[in-house]
Structure formats: structure tokens, C-alpha cells
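Structural overview
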Amino acid sequence: MSGFLRKADPFWKDAPLVDEREIFTELADKSGSSLFLGRYSLNEVLAVLDKKGFLREARKRFLWPLAFELDSSEHPMQRFRIFLRRPEPENLIVDVKLKECEFGPRRLPGLPALPPVRALAFEWLTLQNPAAKPGEPFHPLPGQNRPGLSMRKRIMDLFTYLGRLTRKDCLLAFPAYFHNAVLFSRYFHFWNPAKEAEVLAVRRTFSHMPFRQLAWVVHLNCLRRADGSVYEWAAEEQVNPLTRPVREYFDSRTWREAVKAGSRGLSFSVDRADFERKAAGVPSLCGGGSILL
């Protein structure tokens, strides 16, 4: 599935296009890999993007016209991309890989048990501004090639709406980078309270350090545990609860106390010599964008 959106298209309107109840119709009769999540046509996807303000925000940022592309070759995983003007790599704005699945939560000692739940899982998410002018100051986080969009709240509102629309119990993510886990911690929590405690302890220990600096320290494996071992980032299930049973798990006294208990005694330090050596090989950390510890 692919398409384009220009000023002449009806989605340019500022007024709501359709009533929320009319956006998705006769879903039971729709199927096939050419549809988003096997249900939704491009027009229906655009209606939701319009309803949640993404199209209006794109116009405000001069990210217009838009082109869209859906790849279902890895079904049930789908890749949905939004581009500026043409579907070319240098024009990428949004790149998301997601699928509907069943999340069978691990049974952790002393914590409430939960049966398998319906999840909307995100394997990959990129948000960037291809319209940024060459030469503009840009100090990337690990994995970034272009400046970000600073639209986390709007994107989360969009995904939450989609999750509820498809009757999911939660949104599920496996943050590839430490900084992703932190940036989305307002919306997601780790299923494992020990992992939640670990991330909170790192942030607390280096609360004086600029976030970008800490992100690179972790990414380059220059963080050390109390015993001197290397702290290496390992992704685990991070969950945004959408229904009461999942929400109650994170609200439970046992989960919250497990997080507190897990953070006690955790301490970290930076191997400065190792960081200086590794940072010298990263162009974005040299010159004007260098990191000073």
C-alpha cells in the first residue's frame, strides 16, 4: 500500500473530516496484507492521522506534501513509513514496524500473575526531520542520523488510540537503546521490576549529567557496575497498559516495592579513559559536538 497527500487532497482541511464512529466501517469484511493491520485502508489511516493532529503538525513544520508506504512482506509484522514528497530514504519522517500479537507475561516470583494478553508490539520506531538544513547544529543520540521530531506525546496519543481501537490490552516495546527506554518511560514500564529499578538507578546516579552524554556513555559500554563489570544495555519488555488488569499489575504494591528494593545498593560509574578512547572514533562526538565528562 502506498500513496501521496498534497494540498489539494481533502485531508488538508483543518476541520474534522469525519465523525470518529464513521472512520472505520465494516471492518469484519476487510482482510489482506495490503491493508494496515489487515483491516484499514490508506484513507482510514489518514483519517486517524488527521484526527490526532499529526497532519496538521506536519504542515506546521513544512513537512509537506507527504508520501506513504506499507510493507507487509514480513507478515504479521508490517512496516509503515511516511516520507516528505517522495518515498526515498533521505525523505523519511516516520518508520514504524509493528504487529498484533499475544503477550504471555513472564511469571516473576512474588508478583501478580497475569494470563496472556492482546498486544500491539513495536519492533522499530524512527521519528526524524528530513527537512533539517545541512550545517544546522545537530548532536545526535545513538542511532540518530537526522534531528528528531520532538513529537513523542502526539505519537503516543496516536498509538494509544490505535491500541484501544483494535481492543488491545497493552502496547509492547523492546527498546533497542537505553535512551529510548528513558524517553518513553513516561508511558511505558518494564514488566520486570528489576529492569525498571536498573534504569531508574542509572538515571539517578547521573542526574547531573546531560542526557545525551549519558546515552553515549551507555551505548559505548563505558558504564561500570559497582563490581567493575561492564554495564551492557539489554532490551526487555516495556509495557504501556491499556486495560485494567495490566494497569493493576504496575499499580500493585508488590511491583512498586520490588522496584524500590531492586534499586537499593545499585551504583554505577563511568570509565572515563575507555569513553575518551571510544568517543574519538565517533564523528558526532568530536569537534563542536564533543562530550565532556
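Look up: the structure comes first, before these words.
First things first, this report covers the structure right here in the doc.

Quick notes on the rules
- Residues numbered from 1 in each chain as written.
- Predicted model: local features only at pLDDT ≥ 70, side-chain atom pairs only at ≥ 80, totals over all residues.
- Heavy atoms only, no water.
- Buried < 20%, exposed > 50% of the residue type's maximum accessible area, 1.4 Å probe, protein only.
- Helix = DSSP H or I, 4+ residues; strand = E, 2+ residues; numbered from the N terminus.
- Arc of directions from axis to C-beta.
- Contact = heavy atoms within 4.5 Å.
- Core = buried A, V, L, I, M, F, W, Y, C linked by side-chain atoms within 4.5 Å.
- Polar contact = N/O pair within 3.5 Å; in protein donor to acceptor, adjacent residues only side chain to side chain.
- Phe/Tyr/Trp six-rings, centres within 6.5 Å; stacked < 30°, edge-to-face > 60°.

1. A look at helix H9 (residues 253-263)
Looking only at H9, the buried set comprises Trp255, Val259 and Ser263. For H9, the arc enclosing every buried residue in end-on projection is 65 degrees, short of the 170-degree limit, so these residues lie on one face. Opposite the buried face of H9, by more than 90 degrees, sit the exposed residues Arg253 and Lys260. Tucked into the core, H9 has its buried residues touching strand S7 (189-190), helix H6 (193-205) and helix H8 (244-251). Gly265 lies just past H9 and shows a positive phi near 85 degrees.

2. Quick word on the nonpolar core
Of all hydrophobic cores here, the largest spans 40 residues; its most connected members are Phe36 and Leu49. In terms of residue count, helix H4 (residues 152-165) provides more of this core than any other element does, 6 residues in total. Beyond its immediate sequence surroundings of up to four residues, Leu49 is in contact with Phe54, Leu55, Phe68, Ile82 and Leu158. Judged by nonpolar contacts, the second largest core, of 27 residues, contains Val182, Ala201, Trp216 and Leu285.

3. Some words on the side chain of Lys195
Mapping Lys195 onto the fold places it in helix H6. A polar contact is formed between the side chain of Lys195 and the side chain of Glu198, at a distance of 3.0 Å. Once you skip the residues sitting within four places of it in the chain, Lys195 turns out to touch Phe190, Tyr231, Trp233, Ala234 and Glu236.

4. Considering the packing of aromatic side chains
Across all of its chains, the model carries 11 aromatic pairs by this definition. Taking 5.8 Å as the distance between ring centres and 80 degrees as the angle between the ring planes, the aromatic pair formed by Phe178 and Trp233 counts as edge-to-face. Remark: Trp233 occurs in the loop between strand S8 (223-225) and strand S9 (238-241) and Phe178 occurs in helix H5 (residues 178-183); sequence separation between them is 55 residues. One exposure class covers both Phe178 and Trp233, and it is buried. Here the aromatic rings of Trp191 and Phe250 are separated by 5.8 Å at their centres, their planes lie at 90 degrees, and the arrangement is edge-to-face. Of this pair, Trp191 sits in the loop between S7 and H6 while Phe250 sits in helix H8, placing them 59 residues apart in sequence. Grouping residues by exposure puts Trp191 and Phe250 together as buried. Taken together, the ring pairs in this structure connect Phe103, Trp191, Tyr249, Phe250 and Trp255 into an aromatic cluster.

Distances and angles like these do not, on their own, reveal function.
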